[in-house]
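Geometric and topological summary
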Protein chains: 2
Amino acid sequence: MSSDAAADIMDGTHSALRTHGYAGLTMQDIADEAGLSTAALHYHFDCKHDLLVAFLDRLFEQFEARIAELDGDDAAERLLSLVETVLLPPTDDDPHEFRTALLEIEAQAPYDDAFRARLERFDETFTARVRSILETGVEEGTFAADVDPDEVASFVVTYVRGARTQNVAVGTPLDDSLAAFRDYVEGTLLADDGGAGE
Amino acid sequence: MSSDAAADIMDGTHSALRTHGYAGLTMQDIADEAGLSTAALHYHFDCKHDLLVAFLDRLFEQFEARIAELDGDDAAERLLSLVETVLLPPTDDDPHEFRTALLEIEAQAPYDDAFRARLERFDETFTARVRSILETGVEEGTFAADVDPDEVASFVVTYVRGARTQNVAVGTPLDDSLAAFRDYVEGTLLADDGGAGE
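Residues numbered from 1 in each chain as written. Chains lettered and ligands numbered in written order. Predicted model: local features only at pLDDT ≥ 70, side-chain atom pairs only at ≥ 80, totals over all residues. Heavy atoms only, no water.

Chain A appears in an unreviewed UniProt entry as Transcriptional regulator, TetR family from Halogeometricum rufum.

As structure tokens, this is what we get:
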């Protein structure tokens, strides 16, 4: 596939998921958003499912790139920056409609091994990133010595998933969930002396 | 509607959601599970949507009854008992298939005001129950004086929703999420003297 066509199809899928959601999405919707014919889509992908799996793969690559570089002078700032990136991406590619479509896909995961595998990869990568920040933070003295990086990483990832679901299902603002997470980090994880550097 | 027919239809809806999920559910599926004709279903409910809204209302009544009485000698035990009840109900009416169907319904909420209103009521009731336990716990000295009941209640409800989504989407065991929550309560919320009664 030429990289132009690939990018058009992936961008079209993103737009179509926002406009139509996951459940009612058709190849025609995606073709319309991509400015291509359905024949062109079918030339690249056998079916909507294959296309969506490729879309999740691209989303994962973008996610990986996004969480690789984090702002922050210490581990606490990097952890907050990471969670902010996942809850409120700086670019405009994660509006409410798109988060809703992703939740629809999450609800399909038990019936769909390919979706499930992709979601697990997101989860493992996110968890590993949180864990690594926690480990560094405990070593550098930003986080309390009794913080267990494995356990807290799972807790944080679960919380972040809850914030996204909560936002879709009942409209809780992501800003509020992020503020509550900041309080959790400051009240629970930080070493009592406020970090080795102070 | 006779209470027998009502109970049969609601029980049939529960079974049908477990067996067929939400997206592909038909009145015929529900009728089959309820042991009734679709004509009998349509006599009571105009359409599948009205029936599902009534089902969510019944689910809410059961939820309210379930969280009204909680075991526990102090607020920390009652909080753990509450979260355990929501994550791992003692009865067998919340298997993985049913949690998946509920997540499908949550993902529909942005498109469906009636679903949305029901989910908000669950959320508000659960949040209010957590907040009231936290308030009592701070008063009785089980929880630290600096625990903010409003803020922690939102945090807890978000975490619990995350645990349920996580379980559906990537299979994280609810037991693990409950254990991590217990550590959070013990490490973060408890007063340093371990409670006024000790």
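**Overview of the domain arrangement of chain A**
Residues and elements named next belong to chain A. To keep things clear, this is the line we draw: Where each domain starts and ends follows an automatic or database-derived domain assignment. Note on contacts: a residue pair is in contact if any heavy atoms of the two residues lie within 4.5 Å. Using a 1.4 Å probe, buried area is obtained as the accessible area two parts lose upon being combined, added over both of them. The term salt bridge refers to a pairing of a side-chain nitrogen on Lys or Arg with a carboxyl oxygen on Asp or Glu at a separation within 4 Å. As used in this structure description, the phrase polar contact means that two N or O atoms lie within 3.5 Å; if the pair is within protein, one of them must be able to donate a hydrogen and the other to accept it, and residues adjacent in sequence are counted only when both atoms belong to side chains. Each residue gets one label: Ala, Val, Leu, Ile, Met, Phe, Trp, Tyr, Cys and Pro are nonpolar, Asp, Glu, Lys and Arg are charged, and the others, such as Gly, are polar.
Partitioning chain A into structural domains gives domain 1 (1-45) and domain 2 (57-189). Placing a centre on the C-alpha atoms of domain 1 and another on those of domain 2 gives a separation of 28 Å. Between domain 1 and domain 2, the contact holds nine residues from the first and eleven residues from the second. Between domain 1 and domain 2, roughly 880 Å² of surface is buried when both sides are summed, and carbon and sulfur atoms account for 67% of that area. Of all residues in domain 1, the largest losses of buried area upon contact with domain 2 belong to His-14, Arg-18 and Tyr-22, amounting jointly to 64% of the total for that side. Summed over the shared surface of domain 1 and domain 2, the result is one salt bridge. Between Arg-58 and Asp-11 there is a salt bridge, with the nearest N and O atoms lying 3.2 Å from each other. Counting every contact that joins domain 1 to domain 2 gives three residue pairs in polar contact (both at pLDDT 80 or more). Classifying every residue of the side of domain 1 that touches domain 2 gives five nonpolar, two polar and two charged.

**With respect to the relation of the copies chain B and chain A**
Two copies of a chain can be linked by a rotation about an axis combined with a shift along that same axis. Stated precisely, the cut-off is as follows: Copy-to-copy superposition: least squares on the C-alpha atoms, limited to residues that have pLDDT of at least 70 in both copies.
You can overlay chain B on chain A at an RMSD of 0.0 Å; the transform is a turn of 180 degrees with a shift of 0.0 Å along its axis. In the structure described here, the two chain copies are related by an operation that fits a two-fold rotation axis. Among all C-alpha atoms of chain B, that of Gly162(B) lies closest to the rotation axis, at 1.6 Å. The share of interface residues of chain B whose copies in chain A are also at the interface is 100%, consistent with both copies meeting through the same surface.

**Concerning the interface of chain B and chain A**
Inclusion rule: Working definition: helices are DSSP H or I runs of at least four residues, strands are E runs of at least two. Numbering for both runs from the N terminus.
Contacts between the two partners involve 35 residues from chain B and, on the opposite side, 35 residues from chain A. Of all residues in chain B, the largest losses of buried area upon contact with chain A belong to Phe155(B), Thr158(B) and Val170(B), amounting jointly to 20% of the total for that side. For the pair chain B and chain A, the number of links is zero salt bridges. Linking chain B with chain A are five residue pairs in polar contact (both at pLDDT 80 or more), by the criterion used here. The set of elements that each furnish at least two residues to the side of chain B that touches chain A consists of α6 (96-108), α7 (113-140), α8 (149-170) and α9 (174-189) of chain B. Looking at the side of chain B that touches chain A, the element that brings in the most residues is α8(B), giving 13 residues.

**Observations concerning helix α1 (residues 3-20) of chain A**
Residues and elements named next belong to chain A. Definition in use: Expected span of a helix, by definition, is 1.5 Å for each gap between consecutive residues, and there is one gap fewer than residues. Using a 1.4 Å probe on the protein chains alone, a residue whose accessible area is under 20% of its type maximum counts as buried, one over 50% counts as exposed, and one in between counts as partly exposed.
Relative to the 26 Å expected for 18 residues at 1.5 Å per residue, α1 spans 25 Å between its end C-alpha atoms, a close match to the ideal helical length. The set of residues buried in α1 consists of Ala-5, Ile-9, Met-10, Gly-12, Thr-13, His-14, Ala-16 and Leu-17. Where α1 is buried, its residues meet α2 (27-34), α3 (38-44), α4 (48-68) and α6 (96-108). Looking one or two places after α1, you find Gly-21, whose phi comes out positive at around 75 degrees.

**Thoughts on the packing of aromatic side chains**
What characterises a pair of aromatic rings is the spacing of the ring centres plus the angle enclosed by the ring planes. Just so we agree on the cut-off: Pairing of aromatic side chains here covers Phe, Tyr and the six-membered ring of Trp, requires ring centres within 6.5 Å, and sorts the geometry by plane angle: under 30 degrees stacked, over 60 edge-to-face, intermediate tilted. Whether a charge sits over a ring comes down to the Lys NZ or Arg CZ being within 6 Å of the ring centre and within 35 degrees of the ring normal.
Taken as a whole and judged by the stated rule, the model has 22 aromatic pairs over all chains. Plain terms: the ring middles of Tyr22(A) and Phe115(A) are 6.1 Å apart, the flat faces sit at 75 degrees to each other, and that makes the pair edge-to-face. Here the residue Tyr22(A) occupies a position in the loop between α1 and α2, and Phe115(A) occupies one in helix α7 (residues 113-140), the gap between them amounting to 93 residues. Accessibility expressed as a relative area gives 0% for Phe115(A), which makes it buried. Centroid distance Phe60(A) to Phe122(A): 5.5 Å. Interplanar angle 90 degrees. Geometry classified as edge-to-face. Placement of Phe60(A) in helix α4 and of Phe122(A) in helix α7 is noted, with a sequence separation of 62 residues between them. One aromatic cluster in this structure is built from Phe155(A), Tyr159(A), Phe181(A), Tyr184(A), Phe155(B), Tyr159(B), Phe181(B) and Tyr184(B). In this structure, Lys48(B) packs its charged tip against the face of Tyr22(B), placed 5.6 Å from the ring centre. One cation-aromatic arrangement involves Arg121(B) over Phe60(B); the distance from NZ or CZ to the ring centre is 4.2 Å.

**Notes on the nonpolar core**
Soluble globular proteins tend to bury their nonpolar side chains together. So the rule is basically this: The nonpolar core is taken to be a set of buried Ala, Val, Leu, Ile, Met, Phe, Trp, Tyr and Cys residues, with the residues joined through side-chain atoms within 4.5 Å.
Counting 114 residues, the largest nonpolar core has Leu79(A), Tyr184(A), Leu79(B) and Tyr184(B) as its most contacted members. Leaving out residues up to four positions away in the same chain, Tyr184(A) has contacts with Val152(A), Phe155(A), Val156(A), Leu189(A), Phe155(B) and Tyr184(B). Counting residues in hydrophobic clusters, the runner-up holds six residues, among them Ala107(A), Val168(A), Ala107(B) and Val168(B).

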